[in-house]
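# Chain and residue survey
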Amino acid sequence: MHPARRFQLQIISLTAVLGVCSPARCGTSILQTATEIRSALTNHANFGQAFGITGTVKSYHRIPAGWTATLAAGSDALPVYELGTTNRTDFPRPFELLDTIHVTGHLYAHEGRLYPGFTSVTRLTRGNVNKLPILSLIELYNDDHLQKLVRIRGLVRDAARDESDPHYIHLILQDSTDQAHVMVMHPAFLKTDLSPYLGAEVVAAGLCTDNHEGLRQHLGRMVNVSGLENVTVTTPPQTFANAPDIETLAHTLPRTINARGFHQTSGTVLASWGGNKILLKTPRERIIRVNLQQPILPRYGEQIRLIGLPTTDFYNLNLLHGKWEPLGLPQVAAEPAVPVNPSQLVTSRKGHPQLKVRNLGKALLITGVVRYLPSGTSSDERLWVESDGQLVAVDTSERPEMLAGLSIGCRVSVSGTCVMNSADWQIDSTEQRATGFFLVPRTPDDIVVLSRPSWWTPGRLLAVIGTLLAVLLGILVWNAALRKAATRKGRELLREQLGHVKADLKTEERTRLA
């Protein structure tokens, strides 16, 4: 059933839904099979038609006014919706999976369509999903299980509220055979802490489906689960008290690593960035990248122990969903950074492209010119420095105060821990690529301004030249205007003088003749 249909049934009240037509007044016969009810839904003249049907509960979901259930009746399946009121404060669930129930109700209209709404439920027999055999995850792809209730067991590798449909919780289960997506119906208005499921072994009971409908159309074979009550934790996640050391996975295959629960390790923090990521160096010199659950990150040099779900990027063992705690030991001082040219990190001695991944976790130093500074409106929180003809990213997300006093064009010296951009192994990929590196400064002294850019930047020089040209043009225009005005005035004076001379000559001529 399409997810949108599950929630369009936000019924105001039974009275409002049924309007003036009740089954008693309509005098119609009672619909008793899924085929009859489905046929009646296509004709709006059947509004208010009574029905009564017996079936087995294949799935159920909470809606704001109560519950909806999908009943298996014979070879057909029919969704029915509780006709309740949205101002209820309690929503006792009147059925469980595999219960055989008899529901009665009426056809009601919502947004131009008819739906079967029930007002009473009678439980005839109680079901027990625990009697269903537990399938391995690879067995889900057997078509004999499609559209049937199944039980699966696996380790929860990830758990989150679905970002595209917040009425679902998305679980990723892993066992030794395969990986499976489990979508658990859990309305957004019901808040739940999912951390207890991470790293736990669970048994989930739900409907096996190809999920061709909804927003995640290409998720493939999956299990739709009717509520978290059908996800049972059989083995809680390991803790610091019982989690094995990550060194036990040193010679384990990637697929097997992803099927393991929490493992622990300890060491010194080499870098922290991005809000939830750290780089750790263990006493055995192993470099581990950790994605943490906690929003508070340890600082460089802090000695900690941590626990997380193991994974690998084919270079190193890493941990996901990690949790950490301090060891209470003195902080380790920053080691001297080794000056390098960035080209040395991405080319071989013969000049061929080669990413030197062995530099992961090492303290390196580069000098260059600041070409980009992050701003409050930018999603890129990294400083970009041009060095040796290459742009190098410097992640200051955990130490934004390091950017104070920097400006575009500054020549700087940057020290920091080298971190490689590499993705963790995924079950459907045979190759993971490291795509480059960036530096994470360790202390405020790791970024030093060597020189400021000249005040005579190209922009300012052009501005000054433009201003001078404008002033010169103004002077030329003014001079031309003055010259034109002087010429006009001179001509006027000449005409005036000629007029006076003519007048004097006429007066002298009259006097002589007289």
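No experiment lies behind these values; they were computed from the predicted model shown.

## Describing the overall build of the protein
- Looking only at helices and strands, one finds seven helices and 24 strands in the protein.
- Out of the 514 residues belonging to the protein, those deemed buried represent 43%.
- Across the protein, the fraction of contacts at a sequence separation of at least 24, relative to all contacts at a separation of at least 6, is 63%.
- Carbon and sulfur atoms make up 55% of the accessible area of the protein, which amounts to about 27,100 Å² in all.

## Observations regarding the sheet that holds strand β1 (residues 50-63)
- Pairing is mixed around the closed barrel formed by five strands, whose spatial order is β1-β2-β3-β5-β4. Across the sheet, the axes of successive neighbouring strands diverge by a mean angle of 55°, strand direction being ignored.
- Relative to strand β2 (residues 66-73), β1 runs antiparallel, the two being bridged by seven bridges. Note that in β2 the partner of Ser59 across the bridge is Thr70.

## So, the sheet that holds strand β15 (residues 287-292)
- Taken in spatial order, the five strands of this closed barrel run β13-β14-β15-β17-β16, and their pairing is mixed. Ignoring which end each strand starts from, the neighbouring axes of this sheet average 55° apart.
- Of the pairings in the sheet, the one linking strand β13 (residues 263-273) to strand β14 (residues 277-281) comprises five bridges and is antiparallel in character. The residue bridging Trp273 from the neighbouring strand is Lys277, located in β14.

## Focus on the environment of Pro283
- For Pro283, the position within the fold is in the loop between β14 and β15.
- By relative accessible area, which is 65% here, Pro283 ends up exposed.
- Along the backbone, Pro283 and Gly267 are 16 residues apart, and their C-alpha atoms lie at a distance of 6.0 Å.

## Side note on a nonpolar patch on the surface
- The grouping of Trp455, Trp456, Leu461, Ile465, Leu469, Leu472 and Leu476 at the surface amounts to a nonpolar patch, some 740 Å² of accessible area in total.
- Relative to the helices and strands, Leu469 resides in helix α7 (residues 458-513).

## With respect to the confidence of the model for the protein
- The predicted model of the protein has a mean per-residue pLDDT of 86, with 90% of residues at 70 or higher.
- Confidence, expressed as mean pLDDT per element, reaches its minimum in the protein at helix α2 (residues 14-18) with 38 and its maximum at β13 with 97.
- For the stretch residues 1-27, pLDDT sits under 50, and the model shows 63 contacts to residues farther than four places along the chain or on other chains.

Scoring rules and cut-offs
- Residues numbered from 1 in each chain as written.
- Predicted model: local features only at pLDDT ≥ 70, side-chain atom pairs only at ≥ 80, totals over all residues.
- Heavy atoms only, no water.
- Helix = DSSP H or I, 4+ residues; strand = E, 2+ residues; numbered from the N terminus.
- Buried < 20%, exposed > 50% of the residue type's maximum accessible area, 1.4 Å probe, protein only.
- Contact = heavy atoms within 4.5 Å.
- Areas by Shrake-Rupley, 256 points an atom, 1.4 Å probe, with all protein chains shown as cover.
- Pairing = 2+ DSSP bridges.
- Axes fitted to C-alpha atoms, helices over the stretch in contact; angles between N-to-C directions.
- Patch = residues over 30% accessible without salt bridge, like charges linked within 9 Å, V, L, I, M, F, W, Y side chains within 5 Å.
- Salt bridge = Lys/Arg side-chain N within 4 Å of Asp/Glu carboxyl O.
- pLDDT = per-residue confidence, 0-100.

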